[in-house]
Amino acid sequence: MNIISQGINPVPVDIGDFTVYAEKIRISSSKTIAEGTTLRDELVYTKHRLKSTVLFLSGRIYGEDAINFALFADSAIRSGLSLDIVYKNITFDSCRFISSVCEDNSDGFFDFKLEFITPAPIKEVNTNAS
C-alpha cells in the first residue's frame, strides 16, 4: 500500500500481525550514574547502570485493521507481550508496549502514538546476508 501523508512517505512497520505506517520515530537510550565525593570533596562517579531503550513510533494504520490493532495493543500492554520490531534497517528485540494511543480521525485512518521499551541493544539488520 502506498500511503503519503503531508509529502512524507511513511515507513511500514510490522507489529504483531499488523502493518502500521510510521511517520516519526524517536529512540531514547540512557544510563544512570551514581555520584559520590572523595575526602577532598571532589566529585567522582561510583557506579553506572544502563537503562532500557525506549522506542516511540507515531503514524497511521488504515481501515478495518485500525480497531483490531487498538485491541491488540491494549491486550499486549496488559499481558506484557514481547515483540521484535524492525524499522528500516534497525531491529529492536524483545520490545514491550508501554503505551498506545489510537485516534479515529474519520478519514479512513487511525492516527497512533506507540511507546515500547526494550532491554536489548539496538541492532542493524544485515541486508547483505546470503
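A. Looking closely at the environment of Gly108. Mapped onto the fold, Gly108 is located in the loop between β7 (90-104) and β8 (109-118). Sequence spacing of Gly108 and Lys88 is 20 residues, and the spatial spacing of their C-alpha atoms is 25 Å. Each residue touching Gly108, except ones within four places of it in the same chain, is listed here: Ile61, Tyr62 and Gly63.

B. How the structure looks around the pairing of β8. Judged from the ten bridges that link them, strand β5 (residues 53-62) and β8 form a sheet pairing that is antiparallel. Note on β8: the bridge partner recorded for Ile61 is Phe110. Strand direction decides the pairing type here: β7 and β8, joined by eight bridges, are antiparallel. Directly across from Cys102, in β8, lies its bridge partner Phe112. Between β7 and β8, which pair antiparallel in sequence order, lie four residues; one of them, Ser106, sits at a positive phi of approximately 60 degrees.

C. View of the packing of aromatic side chains. Using the criterion set out here, one finds seven aromatic pairs in the structure. For the pair Phe72 and Phe97, a centre-to-centre distance of 6.3 Å together with 75 degrees between the ring planes defines the contact as edge-to-face. Within this pair, whereas Phe72 is found in helix α1 (residues 65-79), its partner Phe97 is found in strand β7, the two being separated by 25 residues in sequence. Ring geometry for Phe97 versus Phe116: centroids 4.4 Å apart, planes at 40 degrees, classification tilted. Here Phe97, found in strand β7, pairs with Phe116, found in strand β8; they are 19 residues apart in sequence, far enough to count as distant.

D. Examining a nonpolar patch on the surface more closely. Where nonpolar side chains cluster on the molecular surface, the patch consists of Ile33, Leu43 and Tyr45 and spans about 350 Å² of accessible area. Secondary-structure assignment places Leu43 in strand β4 (residues 43-50). Residue classification places Leu43 among the exposed positions, given a relative accessible area of 56%.

E. A look at the nonpolar core. The biggest cluster of nonpolar side chains holds 24 residues, and the ones touching the most others in it are Val13, Ile15, Leu57, Phe69, Phe97, Leu114 and Phe116. Listed by contribution, the elements that provide at least two residues to this core are β1 (11-15), β2 (18-28), β5, α1, β6 (82-87), β7 and β8. Among the elements that make up this core, the one with the highest residue count is α1 (five residues). In this structure Phe69 touches Ile15, Phe18, Val20, Ile61, Phe97, Cys102 and Leu114, once residues within four positions along its chain are discounted.

F. The arrangement of the pattern of salt bridges in detail. Enumeration over the complete set of coordinates arrives at three salt bridges. Among the salt bridges present, the one from Asp111 reaches Arg60, with a minimum N-O distance of 3.1 Å. Note that Asp111 is positioned in strand β8 and Arg60 in strand β5, a separation of 51 residues in sequence. Residue class for Asp111 comes out partly exposed when judged on its relative accessible area of 22%. By relative accessible area, Arg60 is classed as buried at 19%.

Rules used throughout
Residues numbered from 1 in each chain as written. Predicted model: local features only at pLDDT ≥ 70, side-chain atom pairs only at ≥ 80, totals over all residues. Heavy atoms only, no water. Helix = DSSP H or I, 4+ residues; strand = E, 2+ residues; numbered from the N terminus. Contact = heavy atoms within 4.5 Å. Pairing = 2+ DSSP bridges. Phe/Tyr/Trp six-rings, centres within 6.5 Å; stacked < 30°, edge-to-face > 60°. Patch = residues over 30% accessible without salt bridge, like charges linked within 9 Å, V, L, I, M, F, W, Y side chains within 5 Å. Areas by Shrake-Rupley, 256 points an atom, 1.4 Å probe, with all protein chains shown as cover. Salt bridge = Lys/Arg side-chain N within 4 Å of Asp/Glu carboxyl O. Buried < 20%, exposed > 50% of the residue type's maximum accessible area, 1.4 Å probe, protein only. Core = buried A, V, L, I, M, F, W, Y, C linked by side-chain atoms within 4.5 Å.

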